[in-house]
Each structure stands twice: as structure tokens, then as C-alpha cells.
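The lines below spell out each chain.
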Amino acid sequence: MTEGLFQDDDLVRIVSREGLLIAAGGAASLLQTAHPQVAQGVYDHSYTAADPLRRLQNTMGWVYAVVFGTRDEAERFSALVRKGHESVTGPGYEANDPELQVWVAATLFAVAAQFYQLVFRRAFTDEELAEFYGQSKVYATILGCPEDRMPATYPEFRRYYAHMVNTIQITDASRAIAEQVLNPRLPAGAAARPGLAAIRLLTAGLMPAPIREQYGWKWDAGRERRFRLLVAGLAAVYPRLPMRVRTLPREYYLFTTRRMLDKLARSSRPVLTVRSGSSFQQPA
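Residues numbered from 1 in each chain as written. Predicted model: local features only at pLDDT ≥ 70, side-chain atom pairs only at ≥ 80, totals over all residues. Heavy atoms only, no water.

Draft legend 1. Spotlight on helix α15 (residues 248-266). In a regular helix each residue adds 1.5 Å, so 19 residues correspond to 27 Å; α15 covers 27 Å between its end C-alpha atoms and thus fits that length. Taken together, the buried residues of α15 touch α4 (52-68) and α5 (71-85). (Helix = DSSP H or I, 4+ residues; strand = E, 2+ residues; numbered from the N terminus. Expected span 1.5 Å × (residues − 1). Contact = heavy atoms within 4.5 Å.)

Draft legend 2. Looking closely at a nonpolar patch on the surface. Where nonpolar side chains cluster on the molecular surface, the patch consists of Val237, Leu241, Val245 and Leu248 and spans about 320 Å² of accessible area. When you line up the elements, Val237 lands in helix α13 (residues 221-237). Overall, Val237 belongs to the exposed group, its relative accessible area being 52%. (Patch = residues over 30% accessible without salt bridge, like charges linked within 9 Å, V, L, I, M, F, W, Y side chains within 5 Å. Areas by Shrake-Rupley, 256 points an atom, 1.4 Å probe, with all protein chains shown as cover. Salt bridge = Lys/Arg side-chain N within 4 Å of Asp/Glu carboxyl O. Buried < 20%, exposed > 50% of the residue type's maximum accessible area, 1.4 Å probe, protein only.)

Draft legend 3. Fine view of the nonpolar core. By size, the foremost hydrophobic cluster in this structure holds 79 residues, and its most contacted members are Trp62, Trp103, Phe115, Phe132, Phe157 and Tyr215. The biggest single contributor to this core is helix α6 (residues 98-120), with 13 residues. (Core = buried A, V, L, I, M, F, W, Y, C linked by side-chain atoms within 4.5 Å.)

Draft legend 4. Broad picture of the packing of α6 against α13. Where α6 contacts α13, the two axes come as close as 7 Å, and the packing angle between them is 70 degrees. Taken together, the axes of α6 and α13 lie roughly perpendicular to each other. Across the interface between the two elements, Phe115, Leu118 and Val119 of α6 pack against Phe227, Val231, Leu234 and Ala235 of α13. When the residues that make up the contact of α6 with α13 are grouped by side-chain class, the tally is 7 nonpolar, no polar and no charged. (Axes fitted to C-alpha atoms, helices over the stretch in contact; angles between N-to-C directions. Parallel < 35°, antiparallel > 145°, perpendicular 65-115°, else oblique. Nonpolar A, V, L, I, M, F, W, Y, C, P; charged D, E, K, R; others polar.)

Draft legend 5. Region of interest: unusual backbone geometry. Even without being a glycine, Arg121 presents a positive backbone phi close to 50 degrees. The topology assignment puts Arg121 in the loop between α6 and α7 (126-136). Residue Arg121 is classed as exposed on the basis of its relative accessible area of 60%.

Draft legend 6. Spotlight on the pattern of salt bridges. In the structure shown here, the tally under the stated rule is 13 salt bridges. Between Arg76 and Asp72 there is a salt bridge, with the nearest N and O atoms lying 3.0 Å from each other. Here Asp72 and Arg76 lie together in helix α5, a separation of 4 residues that amounts to about one turn. With a shortest N-O distance of 2.9 Å, Arg266 and Asp262 are connected by a salt bridge. Linking Arg266 with Asp262, this pair stays in helix α15, spanning 4 residues, or about one helical turn. With relative accessibility at 61%, the residue Arg266 sits in the exposed group.

Draft legend 7. Structural context of the side chain of Thr256. As for its position among the elements, Thr256 is in helix α15. Overall, the relative accessible area of 8% leaves Thr256 in the buried class. A polar atom in the side chain of Thr256 sits 3.0 Å from the backbone oxygen of Tyr253. (Polar contact = N/O pair within 3.5 Å; in protein donor to acceptor, adjacent residues only side chain to side chain.)

Draft legend 8. The arrangement of the environment of Thr89 in detail. Relative to the assigned elements, Thr89 resides in strand β1 (residues 89-90). A sequence separation of 165 residues divides Thr89 from Leu254, and the C-alpha atoms of the two residues are 29 Å apart. Once residues within four sequence positions are removed from consideration, Thr89 is found in contact with His45 and Glu94.

The following block contains the structure:
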């Protein structure tokens, strides 16, 4: 799996291969839609509420294609995403706006780094965080965001992220999307309730306090204690699972992504490509 944009020993692959990170997806998603323009675009155009599982499949399929797919798969899928985003426009927002692409990429990096370190009881060094951040820029650049629009270094990212977290003012659209994400309509019905309760607790616990308070989520000593117990339980069990179990989501979503891209390639519809501007691409 070394023919893509990254090598197997790159931190972006080491972190992203862990299927448990999907459980932190709610925190990343609601951090993204804490931004008023992102929120309005999602509220006006997304099918999250109507079909949350399809939304998850498309999102994770893209992430895994970018990080683990071939260069061609990453670029073709990203071109489809960018093409789809061309119609996601409205008063005051455009999905392909570099400012919004930078914020989305920032949340993907921040939440993944935070949750991975908690579950694996590992503290990344500043050098590792710089490496991981540099590689995570691809989530914006492969969608057409100029790399110079991203914070150039990890210290600059920290200043940018702290500023955003402390200045973003969420909207009613943000709150409506949070309700959809945290209380989805799933085929499993009541059987999904325990898992959804754990996801809601993880989402609130991983959310920066200023934004969590704006969402109006209750957070006290009791919920903090339950969050820490949940993370401790995951840390005690999950890293001991066989690697093939931990990477099953990656294998599934890459399989469905490749099937989709192959179907498009065999159809009469052309598949566009967008070349990533990331300096972390590996030679083909």
C-alpha cells in the first residue's frame, strides 16, 4: 500500500487506519459545522438527516481513498467531491471556499490527534505533531485549496485553531445539524441507543469547551468522570484487538469506494481529476 500519496509509516496512515476513530467523527463533524458558513451549507444541501449511513460511507470512503488509496483513486474521488461542492452555494457561503476547506481539514487533524493519543495512551512529540499536521493538509489541498492558505507550520496551526475555537459563533443551523448527527434515524432503532449514547458522550468530551458551551450541552463533574471511564475502557481493550479487526472499516470503505470508481470508469461519464498541491505526495 505504498503507491498512494503516503507511505505506510507516515503518521497520517498510522493514525487513520484505526477504525475506532470513526467514533470521534461526531466531534469532527460538529466542529466543522460550528463554523456558520459550513453549517449553513450542510443545513441547506446535506442528506445527513435523511440517510446518515450513506453520508458516513461517502465521507469515510473519501478519507480512506485519500490516505490509503492509490494516487489515481485519491485524485479521482476528490475531483468528484469538488465537483459536487460546486453546487453547494448560498447566501454567504461556497463549499469550495478555501477558508472553509482549511477549517474542515483542521478539525480532521485536531480530533484524530486528540482521540488517538487518548486511546493509545501516547503523547505525540512536537515533531510528530508537526509531521502529522503537515500530512493532514492534504484534506484541503487535494480539494483545490492552495497550500499557502493553510497555516504553514504546526505552531501556526495551534494559533489558528485556538483563535477559531474561541471566536466562532455557532448558529441555529449548527444546532439543528447537531441534533441530526447525535440523534440519527438508524435502521437498528432501539438497539442502537447504547452505542449512540456512548457516541454522544465522546462527542461532548472531545469538543473544545467554548464550542460545547455554545451547543448547550450539559457538562459537569459526573459527565467528565463518565467520559474518562469510557475512554479508559476503550484504551484498555481496543489497542489489544488484532490489527485486522481494527482496520476492518478501512477495508470495507476502500472496497466500496473502489467499486464505485470502477463503475464510473466503465460508464460513459468521465471521471475528473484534481491534482493535489500537497508537498507530501510520494512519487508514483
